[in-house]
Amino acid sequence: MKIPVLLRSSIGKLAGIGVAGLLLAPLQLAAEEASVEAPAAEIAAPEPVMEEVVVIGRFQSAATDVVSERIESEVPMDFLSAEAIGRVGDSNAAAALRRVPGVTLRDDKFVYVRGLGERYSSAQLNGAVVPSPDLTRDVLPLDIFPATIIDALAISKGYTSDLPAGFGGGNVDIRTKQVPESGVFSIEVSSGWNSESDDGLTYNGGSDDKWGKDDGTRELPRGLLAALDTYKGSLEPGNILTVTRRNSNTANLQEAEVINRQLATELNRDIRFKRDDLDPDLEGEVVGGYRWFLGDNLEVGFLAGGSYDRERRKTERTNRRVVVPELNFSKTERTVDTVSLTGTFNFGVRYTEDHQIGTLSMFLRNTDDEVSDAVTCLDGQFNDCNAAQGAAQGRIFDVRYESRELRLNQISGRHKLGDATLEMLPDFLSFLEKVRDTSFTWYYSDAVAESDIPGETRFGLVENLDGPFGSVVSSQLRPTASSGEFRFSDLEDDVVSHGWELAVPFYPGKADLTISGGYDYVRKARSYAQYNFGLGGSGTGFQSVAAGATADVFSDTNVLAVNNNIRIISGIGGFGTESYLAAQITDASFVQADLLWNETWRVTAGVRYEDFRQLAVPVNLLEYTRSRVPLTPDEIQASAQARDDFFPALAVTWIRPGFLADEFQLRFAYSETVARPDIREISRSTYIDPLTEARVRGNPFLTPSDLDNYDLRGEWYWDTGDNVSVSLFLKDISAPIETVQGGATEENILFNFVNADTAEVYGLELEGLKNLDFASKWLGSWFQGFYLSGNFTISDSEISIQPGPGVGAVTNTKRRLTQHSKWVGNLQLGYDSPGGEHAATLAWNAFGSRILFAGINTLGDAFEQPFHSLDLTYSWFPTEQLTFKLRARNLLGEELEVKQDGVSIIDQDPGMTVLIDAKWAL
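Residues numbered from 1 in each chain as written. Predicted model: local features only at pLDDT ≥ 70, side-chain atom pairs only at ≥ 80, totals over all residues. Heavy atoms only, no water.

Draft legend 1. How the structure looks around the overall build of the protein chain. The number of helices and strands found in the protein chain is 15 helices and 41 strands. Out of the 922 residues belonging to the protein chain, those deemed buried represent 56%. Once local pairs closer than 6 in sequence are excluded, the contacts in the protein chain between residues at least 24 apart make up 74%. Carbon and sulfur atoms make up 55% of the accessible area of the protein chain, which amounts to about 36,600 Å² in all. (Helix = DSSP H or I, 4+ residues; strand = E, 2+ residues; numbered from the N terminus. Buried < 20%, exposed > 50% of the residue type's maximum accessible area, 1.4 Å probe, protein only. Contact = heavy atoms within 4.5 Å. Areas by Shrake-Rupley, 256 points an atom, 1.4 Å probe, with all protein chains shown as cover.)

Draft legend 2. Structural detail: the confidence of the model for the protein chain. Looking at the protein chain as a whole, its pLDDT mean stands at 85, while 88% of the residues score no less than 70. Here residues 2–19 is a poorly scored stretch, pLDDT under 50, and it has 61 contacts once near neighbours within four places are set aside; other chains count. Here residues 744–748 is modelled with pLDDT under 50, and outside its nearest four sequence neighbours on either side it reaches 7 contacts, counting other chains as well. (pLDDT = per-residue confidence, 0-100.)

Draft legend 3. Up close: the side chain of Arg404. With respect to the helices and strands, the residue Arg404 is situated in strand β14 (residues 392–416). The class for Arg404 is buried, based on a relative accessible area of 5%. A distance of 3.1 Å separates the side chain of Arg404 from the side chain of Asp143, its partner in a polar contact. Sequence-distant contacts of Arg404, defined by excluding residues within four places in its chain, comprise Lys109, Pro133, Pro141, Asp143, Ile144, Leu364, Arg365, Asn366, Glu450 and Ser451. (Polar contact = N/O pair within 3.5 Å; in protein donor to acceptor, adjacent residues only side chain to side chain.)

Draft legend 4. Summary view of the pairing of strand β15 (residues 439–465). Where burial is concerned, most of β15 is hidden: 22 out of the 27 residues are buried. Across 24 bridges, the pairing between β14 and β15 is antiparallel. Residue pairing across strands places Asp398 opposite Arg458, the latter belonging to β15. As paired elements, β15 and strand β17 (residues 484–506) share 19 bridges and run antiparallel to each other. (Pairing = 2+ DSSP bridges.)

Draft legend 5. Spotlight on the packing of aromatic side chains. Inspection of the entire model under this criterion finds 25 aromatic pairs. Aromatic side chains Phe302 and Phe345 sit 6.2 Å apart centroid to centroid with 20° between the ring planes, which places their arrangement in the stacked category. Of this pair, Phe302 sits in strand β11 (residues 298–320) while Phe345 sits in strand β12 (residues 329–351), and the two are 43 residues apart along the sequence. By relative accessible area, Phe345 is classed as partly exposed at 34%. Joined through ring pairs, the aromatic side chains of Trp601, Trp654, Phe659, Phe664 and Trp716 make up one cluster. The ring of Tyr401 carries Arg218 above its face, with NZ or CZ at 3.9 Å from the centroid. When the ring centre of Phe847 is taken as origin, the NZ or CZ atom of Arg850, which lies over that ring, is 4.0 Å away. (Phe/Tyr/Trp six-rings, centres within 6.5 Å; stacked < 30°, edge-to-face > 60°. Lys NZ or Arg CZ within 6 Å of the ring centre and 35° of its normal.)

Draft legend 6. Representation of the pairing of strand β27 (residues 723–734). Alternating residues of β27 divide into Asn723, Ser725, Ser727, Phe729, Lys731 and Ile733, all buried, and Val724, Val726, Leu728, Leu730, Asp732 and Ser734, none buried. Remark: 5 residues form the turn of the hairpin made by strand β26 (residues 705–717) and β27, two consecutive strands paired antiparallel; Gly721 in that turn has positive phi of roughly 100°. Two elements, β27 and strand β30 (residues 758–771), share 12 bridges in a ladder whose sense is antiparallel. By the bridge assignment for β30, Ser727 is matched with Glu765.

Draft legend 7. Representation of the sheet that holds strand β6 (residues 170–176). Taken together, the 4 strands give an open sheet; going across it, the order is β1-β5-β6-β4, and neighbouring strands pair in mixed fashion. Unpaired on one side and paired on the other, β1 (77–81) and β4 (121–125) mark the two borders of the sheet. With strand direction ignored, the average angle separating the axes of adjacent strands in the sheet is 15°. (Axes fitted to C-alpha atoms, helices over the stretch in contact; angles between N-to-C directions.)

Draft legend 8. Looking closely at the pattern of salt bridges. Counted according to the given criterion, the structure contains 63 salt bridges. Asp209 is the salt-bridge partner of Arg218, the closest N and O atoms lying 2.8 Å from each other. Across the pair, exposure class does not vary: Arg218 and Asp209 are buried alike. Of the charged contacts in the structure, one is a salt bridge between Glu610 and Arg676, with a shortest N-O distance of 2.8 Å. Here Glu610, found in strand β21 (residues 601–618), pairs with Arg676, found in the loop between β23 (663–675) and α14 (679–682); they are 66 residues apart in sequence, far enough to count as distant. The burial state of Glu610 is the same as that of Arg676; both residues are buried. Within this structure, Arg70, Asp78, Arg114, Lys157, Arg667, Asp711, Arg713, Glu715, Glu765 and Glu767 form a network of salt bridges that share partners. (Salt bridge = Lys/Arg side-chain N within 4 Å of Asp/Glu carboxyl O.)

Draft legend 9. How the structure looks around the nonpolar core. Ranked by internal contacts, the top residues of the largest apolar core, which has 47 residues, are Leu224, Leu235, Leu477, Phe533, Phe554 and Ile568. If one sorts the elements of this core by residue count, strand β18 (residues 511–537) sits on top with 4 residues. With residues up to four places along the chain from it excluded, the contact list for Phe554 reads Arg269, Phe459, Leu477, Ser483, Gly484, Leu535, Gly536, Phe542, Val559 and Ile566. (Core = buried A, V, L, I, M, F, W, Y, C linked by side-chain atoms within 4.5 Å.)

Quick look at the structure:
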C-alpha cells in the first residue's frame with residue numbers, strides 16, 4: 001500500500017502562510033509517492049575513524065584500540081568496539097548499548113541515557129542524521145542496526161558544538177565497518193532456540209514472508225480505494241445510495257446494500273489461525289572486501305556484506321487492572337516471526353595519507369509478523385467471567401504485519417594539508433606551509449525510511465462459559481459493526497543532510513591550538529497515512545452465522561447473503577485524524593577552539609547556532625468536500641514552530657600523567673542544549689500506540705525544553721590496559737516534555753504530551769576494567785587470562801508537573817521522570833586462554849525499578865520492576881580461519897513485570913535463548 005500519493009492535494013492551502021510556507025517544499029516531498037527510490041548513482045560513506053580489528057586473543061587488546069580515542073576526546077565519552085560487542089554476543093546496536101554506563105533500553109529499541117528518555121538522546125549514523133521507520137516516534141530505533149555492520153559505537157555524554165543541539169542524555173554515533181587494509185572474506189551461519197518458543201500461533205500469510213516482504217496478500221485492495229473516491233469517503237449504504245442517485249433516479253437502498261456487501265468481499269478475510277511447531281532461529285552472513293594499491297600513492301578498495309536473520313518467539317503476557325485484578329484481566333499468547341535483511345556496500349579511495357573519500361550504500365529490512373490470541377475478563381461487562389448467570393469471556397484474534405525499511409546512501413571525504421600534499425604544491429602556494437595539517441571534512445547523506453503495515457486485522461469474539469471461570473461451551477463473533485477490523489498504515493520518512501568542517505591548527509610556544517568551524521543542514525519530510533475498515537453485523541441474521549472460524553463466518557457466501565446483515569464500514573481509526581504530513585528543517589553553523597597548553601591543560605570552547613523550523617498538520621483522507629487539512633490558516637500558523645538560538649559548550653581537562661596511574665585526566669564540561677518535541681508529538685493527530693495499545697494524541701502547542709548540562713569526570717589509565725573512571729553529572733531541564741494519562745476512563749486509556757514545569761537529573765557513574773592475572777600468584781596459573789570489567793550508575797531525578805489542559809488528575813505532582821532508574825549496573829567476567837584458542841564472557845546487566853507511566857485519580861505510578869539479565873558467550877578458535885561460538889541469554893530466567901499499587905498489572909516471560917554460531921574467515 002502506497003497511500004501518501006493521495007496526500008499531495010492536501011497541502012496547497014499551506015503555501016504563503018508565514019513560517020508554514022517556508023516548510024512547503026519538504027511538505028510537498030512528504031506528500032510524494034511513498035515508493036521513492038534510493039538514489040542509485042550515489043554511493044556514500046562516512047569518514048573512516050577506526051579500522052576493523054580481528055582479535056583472537058585477549059579482550060583487553062580490543063579495548064586498547066578505543067581507549068586512545070576516549071583519552072583524546074574533548075568531553076566525556078564511552079566507546080564499544082566491534083570486538084566488545086561480539087564478545088558478549090549482542091545482536092544489534094540497541095542490545096549492545098545496554099553495556100554502557102547509565103544506559104537502559106525501552107522496548108528493546110530506544111536508548112535512555114542517564115535516565116533521560118529517547119527524546120533527550122540523539123542518534124547518528126557515521127555522524128549524519130538518518131530517518132526513523134518507527135510509526136509512533138521520529139526517534140531512530142536502534143534495534144534495526146545489526147551488530148554485523150558495526151565497527152564501533154561512540155557515546156558522547158558531554159556536548160561539543162559540532163554535535164546537533166538536540167542533546168540531553170547523550171549522542172550515539174553508529175560507526176559502520178570500513179574498507180579493509182587487505183583482502184577479507186568470511187561466511188557465518190548460526191541457529192538456536194528459545195525455551196518458551198517450542199510451538200506457537202501461525203496463520204496463512206503470503207508467499208514472500210520468509211523474505212520479510214508482503215506479496216500483496218495483505219495490501220489495501222485497489223477496489224476499496226476506488227470506492228472511497230467514488231462514494232466520497234463513506235461506504236455506508238445510505239451514502240452509496242445518495243451518490244448513486246446523482247446518476248440514476250431508479251437507484252434504491254437494496255442496490256446500495258448489494259454494492260456495500262460486494263465491497264466487503266475485497267478485504268482479505270481468509271485468515272485461518274492454527275497452532276504449529278516453531279522452527280529454530282536461523283542467521284547467516286557473508287562479508288568480502290579488498291584494497292588495491294595503484295602505485296605509491298593511490299589506493300582503492302571496497303567492502304560488501306549481506307545478512308539474513310529469522311527468529312520466531314512465543315510469549316505469554318498477563319495484564320491486570322489495579323481495581324479487583326482477579327476479575328479484570330487479560331491473558332495473551334503472542335507469536336512473532338521476525339525477518340531481518342541487511343545489505344551494505346562500501347567503496348573507498350585514498351590518495352597518500354592526506355586525502356580519502358568513502359561511500360556507503362545500505363539497505364535494511366526488519367519485519368515483524370505477529371499473531372496473538374487474547375482472553376479478556378472485565379467485571380460487569382459482556383465478558384464478565386465471574387457472573388453467576390451468563391458467565392462469558394472475550395477473545396481477540398489479532399494479526400499485525402509490519403515491515404520497516406531503511407535505504408541509505410552516504411559519501412564523505414577528508415582532506416589534509418600534510419607532508420605529501422605540501423610537497424606536491426607549486427611554489428606560489430608555499431605560504432600554505434604556515435597552516436600545515438589544516439583539515440577539511442565533508443559529508444552528504446540521503447536516506448529514506450519506510451514502515452508499511454499492509455494488513456492489521458482484529459476479530460472480536462464472545463465465548464459463553466458453563467459457570468464462573470468455567471469451560472467454553474459456545475463461541476461466536478461479537479454482533480457489532482466492527483467485529484472484524486482491518487487497518488492499513490504507511491509511513492515514509494525522508495532525510496537529506498550535508499555538512500562540512502574546516503580545522504586549522506596553530507603551534508604558538510607551548511600551546512597547540514586548533515580553530516575549527518563548520519556547517520550542517522538537515523531536511524526531513526514525513527508522511528503518515530492510515531485507513532480503517534470495520535466488517536460485521538447484528539441481529540438474528542448475523543448471529544445465525546457468527547459461530548465458527550472467522551474465515552468461514554466472513555466467507556463470500558455469508559457476506560453476500562442478504563439475510564446475514566453483514567456490512568463494511570469505512571473509518572480512520574475511530575478516534576480522529578490519524579494521517580498527517582510533517583516537515584522539519586535545521587540550518588546550523590558552529591565555531592570551536594581547542595587549546596592544549598604545555599601538555600597539562602586542555603580547553604575546548606565553542607558555540608553552535610541553529611535555525612530550527614518544524615510543522616505538522618493532520619490530514620483527513622476521507623474528506624472529499626472540503627480541504628483534507630482540517631485547519632484554518634491561523635491554526636496552521638500557530639502549529640508551526642520556528643526558533644533560532646545559540647548553544648555554547650565549554651570543556652576543561654587537566655592532564656597529569658603518573659597521578660595514581662600511568663595516565664590521568666580530570667574533565668569538566670558545561671553546555672546549553674535543547675530537547676525539541678518530535679514531529680509526531682506536535683501533530684494534532686490521534687493514533688493507537690502498538691506497544692501500549694493506548695490512544696495517543698499529539699499537542700501542537702508543545703514547546704522545546706532547554707537544558708543546562710554539567711559533567712565532572714576523572715579517568716585513570718594503566719599501560720596494562722586497566723582503567724577506572726568516576727563521573728558526576730547534573731542536568732537542569734526547563735519545560736520538560738512528559739507523557740501523561742488524562743481525559744479517559746480505564747476502559748479507554750488516553751495519553752497526552754505536555755510540558756511540565758521543571759526537572760533535574762543527577763548522578764554518579766563508576767566504570768573500570770581490571771586484568772586478573774595478579775590473582776594467579778595465589779590461585780595458580782590457570783587463573784591467567786581472566787579479566788573483570790563493569791560499570792555502575794546511581795542517579796535520581798525529579799519532575800514537577802501540575803494538572804492542567806490535557807492532563808488528568810495526576811496523583812504525584814512531584815516524582816521521578818518516566819523510564820528513569822535509580823541504578824543501572826553491568827558486570828563482565830571474561831577469560832582468554834593463553835594460547836588464544838578459547839574465550840568466554842559472562843555478562844550481567846540490570847536496572848532498578850522505573851516508572852512506565854504516571855498514575856492519575858489517586859492511583860499510584862506504574863513501575864517496571866528490576867530485570868537481571870545474565871548472558872554467557874563462549875568462543876572456540878580451532879584454527880585461524882574457523883570460529884565456533886555459543887551464546888546463551890537470560891540464564892536466570894527473569895520475567896518482565898510492571899506493578900502499580902502493589903498489583904502486578906503486567907507480567908511476561910521472555911524465556912532463555914541459546915544460539916550456536918560457526919564462522920569461516922580468510
